[in-house]
Amino acid sequence: MVEVTDAMIEAYQRDGVVLVKGLWADWVEELRAGVARNMAEPGPYAAENLRPGDSGRFFDDYCNWDRIPEFERVIKQSEVADVAAKLMGSARVQMFHDHVLVKEPGTSRATPWHQDGPYYFVEGRQNVSFWSPLDPVKQASLRCVAGSHLWPKEVLPTRWLSETSFYPNPDLYMAVPDPDAEAMPVREWEMEPGDAVAFNYRTLHGARGNEAGTRRRAFSLRVLGDDARYVERPGPTSPPYPGHGMVAGQVLREDWFPFLK
């Protein structure tokens with residue numbers, strides 16, 4: 001049984017991030033097998049996130065849960081929906097998407113600071129993203145800025161490699177900050193395989209490169225709560241989900257985004 005205390009719920013609501021020990025401790029091998037399958041059979045959104053001169057390998061891919069049986073079993077059979085419901089304060093939990101991020105040993109490339117929310121075609125305060133390492137992590141853990149989910153203006157979404165604006169109207173967003181230089185309250189933890197950082201879609205987060213001698217495989221799951229609704233963005237979103245046919249204010253279509261609880 002995964003423990004979700006009142007203090008954890010309070011921290012999640014206040015800080016937009018909390019550590020959930022052992023969320024997938026019993027599912028680590030299943031997730032590792034799914035990541036191996038994902039890397040051997042990449043989906044259409046798979047990317048290699050290195051520039052010329054960068055060392056290592058930084059692979060990511062998303063929206064594969066319905067074709068990778070290991071991911072589907074973890075999503076549907078683990079306690080994650082119950083944990084999400086408690087953290088969000090939501091009666092229902094709706095699937096949004098999965099995400100795999102692998103930094104091989106000696107990968108110099110950092111995951112840049114960003115909020116997930118501006119890239120998405122969904123809005124609502126009840127949401128949670130779980131980031132879970134499948135290898136022990138110390139230096140390459142996820143880093144989150146506490147309280148950033150409550151900022152009045154969203155952070156500019158950019159393309160990771162080119163660092164250009166994702167949308168044509170960057171003036172609507174605040175510039176990407178430098179949390180270390182600006183002494184922002186950054187939360188990060190040394191983690192064991194199956195532990196998870198739970199964070200809000202509007203929580204600013206990033207990760208260092210992986211300079212360790214071991215891999216850093218991570219599995220992320222993004223889910224939605226009762227108040228989540230489709231919203232129009234000024235350009236293609238990430239993930240794009242072409243041909244979805246939804247209209248502003250609509251609950252996401254259940255045949256593509258099933259309810260887990």
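Q: I'd like a rundown of the overall build of the protein chain, residues and numbers included.
A: Counting secondary structure elements, the protein chain contains four helices and 13 strands. Here the C-alpha atoms of the protein chain give a radius of gyration of 17 Å, agreeing with the 18 Å that 2.2 N^0.38 yields for 261 residues. Considering only C-alpha atoms, the protein chain reaches an extent of 45 × 45 × 40 Å along its principal axes. When the 261 residues of the protein chain are sorted by exposure, 54% land in the buried category. A separation threshold of at least 6 residues defines the contact pool for the protein chain, and within that pool the share at least 24 residues apart is 81%. Surface summary for the protein chain: the accessible area is close to 11,100 Å², and the carbon and sulfur share equals 51%. Considering the protein chain, the positive charge centre built from 29 side chains and the negative charge centre built from 38 side chains are found 1 Å apart.

Q: I'd like to hear about unusual backbone geometry, residue by residue, with values.
A: The omega angle of the peptide bond from Ser238 to Pro239 is 0°, so this bond is cis rather than trans. The residue Ala183 is not glycine, and still its phi comes out positive at about 55°. Within the fold, Ala183 resides in the loop between strand E8 (142-145) and strand E9 (186-187). Residues other than glycine seldom take positive phi values, yet Tyr241 does so here, at roughly 45°. By secondary structure assignment, the location of Tyr241 is in the segment after strand E13 (229-230). By relative accessible area, Tyr241 is classed as buried at 13%.

Q: Tell me about the packing of helix H1 (residues 6-15) against helix H4 (residues 80-88), and name the residues and values.
A: Interaxial distance between H1 and H4 falls to 8 Å at its minimum, and their mutual angle equals 65°. Contacts from Met8, Ile9, Tyr12 and Gln13 in H1 reach Lys86, Leu87 and Met88 in H4. Taken together, the residues that form the contact of H1 with H4 break down as five nonpolar, one polar and one charged.

Q: Give me the lowdown on the packing of helix H2 (residues 28-40) against helix H3 (residues 69-77), citing residues and values where you can.
A: Packing of H2 against H3 brings their axes to within 7 Å, and their N-to-C directions diverge by 145°. Here the hand of the crossing between H2 and H3 comes out left-handed. Residues Glu30, Leu31, Ala33, Gly34, Val35, Arg37 and Asn38 of H2 pack against Pro69, Glu70, Phe71, Arg73 and Val74 of H3. Here the residues of the contact of H2 with H3 sort into six nonpolar, two polar and four charged.

Q: Would you mind going over the nonpolar core in detail, with residue names and values included?
A: The biggest cluster of nonpolar side chains holds 38 residues, and the ones touching the most others in it are Val20, Leu23, Trp24, Leu87, Val128 and Phe130. If near-sequence neighbours (up to four positions away) are discounted, Trp24 is found in contact with Leu31, Val74, Ser78, Val80, Phe130, Ser132, Gly194, Phe219 and Leu221. Of all hydrophobic cores here, the second largest spans 32 residues; its members include Tyr119, Tyr120, Tyr201 and Tyr241.

Q: Any details on the pairing of strand E10 (residues 196-199)? Residues and values, ideally.
A: Side chains of E10 alternate between two faces, with Ala196 and Ala198 and Val197 and Phe199 buried alike. When strand E1 (residues 17-20) meets E10, the two strands line up antiparallel, connected through four bridges. Counterpart to Val17 in the pairing with E10 is Phe199. Taken together, the three bridges between strand E7 (residues 127-133) and E10 define a ladder with antiparallel strand orientation. Among the inter-strand pairings, Phe130 is bridged to a residue of E10, identified as Ala198.

Q: Help me get a handle on the sheet that holds E8, residues and values and all.
A: Strands sit in the order E5-E11-E8-E9 across an open sheet of four strands; the sheet is antiparallel. Since the sheet does not close on itself, it has two edges, and those belong to strand E5 (111-114) and E9, each with one partner.

Q: So what's going on with the sheet that holds strand E2 (residues 47-48)? Residues and values would help.
A: Pairing between the strands of a sheet comes from backbone hydrogen bonds, and it takes one of two forms, parallel or antiparallel. The strand order across the open sheet built from seven strands is E1-E10-E7-E12-E4-E3-E2, with neighbouring strands paired in antiparallel fashion. Two strands bound the open sheet, and with one partner strand each, they are E1 and E2. Where E7 and strand E12 (residues 216-224) come together, seven bridges link them in antiparallel fashion. Bridge pairing links Phe130 to Leu221 in E12. Strands strand E3 (58-62), strand E4 (94-103) and E12 of the sheet are contacted by H2, whose axis makes an angle of about 75° with E4.

Q: Talk me through the environment of Gly56; I want residue IDs and the actual numbers.
A: Within the fold, Gly56 resides in the loop between E2 and E3. The residues contacting Gly56, other than those within four sequence positions of it, are Leu50, Pro105, Gly106 and Thr107.

Q: Outline the pairing of E4, supporting the account with residue identities and numerical values.
A: Burial analysis of E4 places 10 of its 10 residues in the buried class, the great majority of the element. Where E3 meets E4, five bridges bridge the pair, whose relative direction is antiparallel. From the neighbouring strand, Phe59 faces E4, where its bridge partner is Val102. Pairing geometry for E4 and E12, over nine bridges, is antiparallel. Looking at E12, one finds that Asp98 is bridged to Leu221.

Criteria and thresholds
Residues numbered from 1 in each chain as written. Predicted model: local features only at pLDDT ≥ 70, side-chain atom pairs only at ≥ 80, totals over all residues. Heavy atoms only, no water. Helix = DSSP H or I, 4+ residues; strand = E, 2+ residues; numbered from the N terminus. Rg over C-alpha atoms; globule rule 2.2 N^0.38 Å. Buried < 20%, exposed > 50% of the residue type's maximum accessible area, 1.4 Å probe, protein only. Contact = heavy atoms within 4.5 Å. Areas by Shrake-Rupley, 256 points an atom, 1.4 Å probe, with all protein chains shown as cover. Lys, Arg positive; Asp, Glu negative; His and termini not counted. Charge placed at Lys NZ, Arg CZ, Asp CG, Glu CD. Axes fitted to C-alpha atoms, helices over the stretch in contact; angles between N-to-C directions. Nonpolar A, V, L, I, M, F, W, Y, C, P; charged D, E, K, R; others polar. Left-handed = near helix turned anticlockwise from the far one by under 90°. Core = buried A, V, L, I, M, F, W, Y, C linked by side-chain atoms within 4.5 Å. Pairing = 2+ DSSP bridges.

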